[in-house]
Amino acid sequence: MDYDDGNIFARILRGEIPCKKVFEDEHTLAFHDINPQTPIHVLVIPKGAYISMDDFSTKASDAEIAGFVRAIGKVARDLGALEGGYRILSNNGPNAHQDVQHLHIHIFAGKNLGRMIKPADK
Ligand code: 5GP
């Protein structure tokens with residue numbers, strides 16, 4: 001699958017659609033999810049055109065990968081999520097119900113998140 005330049009996060013990165021930004025640097029942008037599932041629900045995305053973790057982990061530079069991972073940690077810290085704890089999650093591909101075809105990491109925090117995820121149909 002080719003990267004689709006018209007996906008919603010590509011449009012946010014180009015400034016065509018607003019977002020509630022919490023962090024930005026050379027390689028990474030983080031912003032509040034438009035439909036939060038928890039009191040704190042932030043999305044962290046690489047600025048490069050990567051569809052998925054597979055795409056990112058095979059094609060991104062070491063600097064992009066290091067910057068992205070460090071940004072996830074920093075954003076969670078800056079959100080005050082360390083004490084109570086947080087969950088990071090990334091949906092990749094159809095079985096995971098990835099809706100937006102630009103790699104993103106969800107950070108969930110601010111309440112008890114339960115244990116892991118509920119299984120769908122076995
Ligand atoms: P996925 O299911 O692909 O892992 O998650 C996509 C996430 O993007 C969803 O949690 C959804 O609420 C969020 N989202 C979709 N469109 C927008 C948007 O225009 N702005 C923001 N901030 N989040 C969005």
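Below: a short report on this structure. Only a predicted model underlies this, so the values are computations on that prediction, with no experimental measurement involved.

It is worth spelling out a nonpolar patch on the surface at this point. Nonpolar side chains collect at one region of the surface, where L82, Y86 and I88 lie side by side and expose about 290 Å² of accessible area between them. In this fold, Y86 is placed in strand β4 (residues 86-89). Judged by its relative accessible area of 33%, Y86 is partly exposed.

Quick look at the sheet that holds strand β2 (residues 28-32) now. With respect to topology, five strands assemble into an open sheet ordered β1-β2-β3-β5-β4, the strand pairing being antiparallel. Every interior strand has two partners, whereas the edge strands, β1 (21-24) and β4, have only one. Between one strand and the next, the sheet's axes are offset by a mean angle of 20°, whatever the strand orientation.

Right, let's get into the site of the ligand. Within the structure, the ligand sits among 17 residues, and D33, N91, D99, H104 and H106 are positioned closest to it. One nitrogen or oxygen atom from the main chain of V100 is found 3.1 Å from an oxygen atom belonging to the ligand. Separating an oxygen atom of the ligand from a side-chain N or O atom of H106 is a distance of 2.9 Å. In isolation the ligand offers 520 Å² of accessible surface; the protein chains occlude 83% of this area. The pocket occupied by the ligand, as judged from atoms lying within 2 Å of grid points, is the largest pocket. Of the residues forming the shell around the ligand, the biggest block, three residues, is contributed by helix α1 (residues 8-13). Considered class by class, the residues forming the shell around the ligand number seven nonpolar, eight polar and two charged.

Before going further, it helps to examine the nonpolar core. Among the nonpolar cores identified, the biggest contains 18 residues, and V44 and F68 are the most heavily contacted of them. For this core, the elements supplying multiple residues, two or more each, are β3 (40-46), α3 (62-78) and β5 (105-109). When residues no more than four places from it in sequence are discounted, the contact partners of V44 are T28, L29, A30, F68, I72, L103, H104, I105 and I107. Membership of the second largest hydrophobic core comes to seven residues, among which are F9, F31, I45 and V100.

Attention shifts here to the packing of aromatic side chains. Tallied over the full model, the rule gives three aromatic pairs. Where F9 meets F31, the ring centres are 5.5 Å apart and the plane angle is 75°; that geometry is what we call edge-to-face. Placement of the pair is F9 in helix α1 and F31 in strand β2, with a sequence separation of 22 residues. A relative accessible area of 7% places F9 in the buried class. Residue class for F31 comes out buried when judged on its relative accessible area of 3%. On the basis of an interplanar angle of 65° and a centroid distance of 5.1 Å, the ring pair of F56 and F68 is categorised as edge-to-face. Placement of F56 in helix α2 (residues 53-59) and of F68 in helix α3 is noted, with a sequence separation of 12 residues between them. Owing to a relative accessible area of 3%, F56 belongs among the buried residues under this scheme. Ring pairs connect the aromatic residues Y50, F56 and F68, which therefore count as one cluster.

Analysis parameters
Residues numbered from 1 in each chain as written. Predicted model: local features only at pLDDT ≥ 70, side-chain atom pairs only at ≥ 80, totals over all residues. Heavy atoms only, no water. Patch = residues over 30% accessible without salt bridge, like charges linked within 9 Å, V, L, I, M, F, W, Y side chains within 5 Å. Areas by Shrake-Rupley, 256 points an atom, 1.4 Å probe, with all protein chains shown as cover. Salt bridge = Lys/Arg side-chain N within 4 Å of Asp/Glu carboxyl O. Helix = DSSP H or I, 4+ residues; strand = E, 2+ residues; numbered from the N terminus. Buried < 20%, exposed > 50% of the residue type's maximum accessible area, 1.4 Å probe, protein only. Pairing = 2+ DSSP bridges. Axes fitted to C-alpha atoms, helices over the stretch in contact; angles between N-to-C directions. Near = heavy atom within 4 Å. Polar contact = N/O pair within 3.5 Å; in protein donor to acceptor, adjacent residues only side chain to side chain. 1 Å grid on protein atoms, 1.4 Å probe; cavity = no way out; pocket = protein on both sides within 12 Å on 5 of 7 lines; lining within 4 Å. Sits in = over half its atoms within 2 Å of the grid points. Nonpolar A, V, L, I, M, F, W, Y, C, P; charged D, E, K, R; others polar. Core = buried A, V, L, I, M, F, W, Y, C linked by side-chain atoms within 4.5 Å. Contact = heavy atoms within 4.5 Å. Phe/Tyr/Trp six-rings, centres within 6.5 Å; stacked < 30°, edge-to-face > 60°.

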